[in-house]
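One letter stands for each residue in the lines below.
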Amino acid sequence: MKEAAGKEATGAAGGNGAAARDLRLDFFRGLALWFIFVNHIPANQISWATPRNFGLSDATEIFVFISGYTAALVYGRTLDGQGLPMAAAQVLHRCWTLYATYIILFFAYTAQIAYTARAFDSPLFAEEMGIAGYFQDPVTALTQAILLKFRPANLDVLPLYIVLLLAFPLLLPALRRRPAAVLAGSAALYLAARQWGWNLPTYPDGGVWYFNPFTWQLLFLLGASLQFQPDLRAVLTRFRRPVAVAAGAVLLASLFLTLSWKFAPLHALIPVSLTEILYPISKTDLDPLRLLHFFALVYLVLWLVPAGASWLRGSLAAPVLACGRQSLHVFCLGVLLSFAGQTVLVHVSGSLSAQFLVTVLGIAAMVLMARFLNWYQSAERSRRHRVAATTKMGT
């Protein structure tokens with residue numbers, strides 16, 4: 001995931017150095033990781049501070065959109081410099097890395113849940129986290145896991161990204177030459193999937209992917225196409241008061257709608273005829289209202305946070321940036337820590353202070369790992385440069 005993963009952010013810096021890097025990509029990707037970690041801990045009141053409680057879209061939209069944008073940035077450079085075969089090879093290598101990471105995470109997460117269920121004599125943990133089928137028929141469940149069809153709770157984003165990235169080499173040249181045609185096809189697939197209920201199956205039989213790749217591909221390709229069209233990106237993000245007012249109205253309406261799910265008096269103010277039109281607002285199929293809210297939010301955020309914002313290079317933003325640059329590793333750690341946090345709140349203490357402590361310690365662990373990886377990668381690059389320089393002098 002960084003694009004769901006850490007490698008792409010490094011590549012995004014490219015040969016132009018850190019000065020050419022848009023730090024907003026790392027910052028909002030890192031912030032999304034924090035939100036995902038907090039939201040994955042049930043009964044955590046700190047999650048009230050995350051975007052899902054104030055609008056229709058959430059951290060998933062941030063992740064997928066930035067994933068598409070970053071994929072176009074990194075593999076588009078390879079396409080221009082070394083051609084499609086090398087770009088496709090890099091994408092497939094990245095897919096294999098993501099797949100291997102997912103399988104390792106699957107085993108670690110399943111083992112963590114199984115151990116916790118036994119240690120605390122809580123068999124409902126296995127049911128709640130979606131791995132009961134693994135213990136009933138391990139061979140079949142493992143086979144289905146390898147096929148990305150059997151997944152515990154909270155592991156849905158990685159399989160989605162693997163599938164989206166796997167198809168990317170087929171679209172990369174067309175995105176460069178005819179982005180409008182690619183987006184038209186993507187929109188047609190999105191509408192067809194919503195109309196006829198297209199999705200991929202899961203195990204046990206009867207289930208479907210929580211993030212429908214036939215619909216979420218639209219957001220991924222929108223991000224990719226905008227990266228390829230800087231002039232269009234500049235036009236769309238240029239501040240215009242009427243657009244800003246409309247975006248603000250969308251955010252306020254989304255806030256009211258979201259709060260109405262929590263407070264019955266607000267829900268009573270919404271006409272029944274309107275609720276019949278609005279609902280269901282499906283996250284699985286990426287409801288158009290979620291897209292509308294996300295892009296309204298993006299428009300205002302890009303205006304409020306310009307690319308050269310000085311605070312992005314300050315000490316307060318540094319922990320978030322570190323997580324954004326190592327997002328694959330941080331995501332995996334966050335999945336394991338979120339279940340550990342859930343265990344603490346259920347079996348040790350569910351007090352507000354415990355919720356705060358679990359949240360702070362979890363984010364701190366994610367930041368420490370990200371900073372260690374950033375330091376290690378920087379040291380490795382320096383070592384390779386020294387070796388290369390020494391070899392060149394010796395010849």
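All residue numbers here refer to positions counted from 1 along the written sequence of the relevant chain. Thresholds applied to this predicted model are a pLDDT of at least 70 for local features of residues and 80 or more for the giving and counting of side-chain atom pairs; totals over whole chains, interfaces and linings are not thresholded and use all residues. Hydrogens and waters are ignored; side-chain quantities use all the structure's heavy atoms.

(A) Highlighting the side chain of Gln227. A run of H or I in DSSP counts as a helix once it spans at least four residues, and a run of E counts as a strand once it spans at least two, with each numbered from the N terminus. Within the fold, Gln227 resides in helix α11 (residues 213-228). You can call Gln227 buried: its relative accessible area is 14%. Those residues in contact with Gln227 that sit more than four places away from it in its chain are Tyr69, Ala72, Leu73 and Arg233. Think of it in three bands: residues with accessible area under 20% of the maximum for their type are buried, residues over 50% are exposed, and the middle band is partly exposed, with areas taken using a 1.4 Å probe on protein chains only. Any two residues having at least one pair of non-hydrogen atoms within 4.5 Å are treated as being in contact.

(B) Expanded view of the packing of aromatic side chains. Each Phe, Tyr or Trp ring (for Trp, its six-membered ring) is paired with any other whose centre lies within 6.5 Å, and the angle between the two planes then decides the class: stacked below 30 degrees, edge-to-face above 60, tilted in between. Across all of its chains, the model carries 18 aromatic pairs by this definition. The interplanar angle of 20 degrees and the centroid separation of 6.5 Å between the aromatic rings of Phe372 and Tyr376 together place this pair among those described as stacked. Here Phe372 and its partner Tyr376 are both found in helix α19 (residues 352-394), four residues apart, which amounts to about one turn of the helix. Look at Phe372 and you get partly exposed, because its relative accessible area is 47%. By the ring-pair criterion, three or more aromatic residues cluster together here, those being Phe106, Phe107, Phe150 and Tyr203.

(C) Looking closely at the nonpolar core. Judged by nonpolar contacts, the single largest core of 93 residues is most densely connected at Leu165 and Phe168. Sequence-distant contacts of Phe168, that is, excluding residues within four places in its chain, are made with Ala71, Ala72, Tyr75, Leu175, Phe220, Leu221 and Ala224. Buried residues of nine kinds, namely Ala, Val, Leu, Ile, Met, Phe, Trp, Tyr and Cys, make up a nonpolar core once their side-chain atoms join them within 4.5 Å. Counting seven residues, the second largest nonpolar core, distinct from the first, contains Ala244, Leu251, Ala296 and Tyr299.

(D) Unusual backbone geometry, seen in detail. Note the cis peptide between Tyr203 and Pro204, where omega equals 0 degrees. In this structure, the amide linkage connecting Tyr279 to the following residue, Pro280, adopts the cis form with an omega of 0 degrees. Here Pro280 lies in the loop between α15 (272-278) and α16 (288-304). Here Leu148, not a glycine, exhibits a phi torsion of approximately 65 degrees, which is positive. Looking at the element boundaries, Leu148 is found in the loop between α7 (138-146) and α8 (157-166). Residue Leu148 is classed as buried on the basis of its relative accessible area, which comes to 9%. Unlike most non-glycine residues, Leu286 shows phi in positive territory, near 50 degrees. You can see Leu286 is positioned in the loop between α15 and α16.

Geometry only, nothing functional implied.
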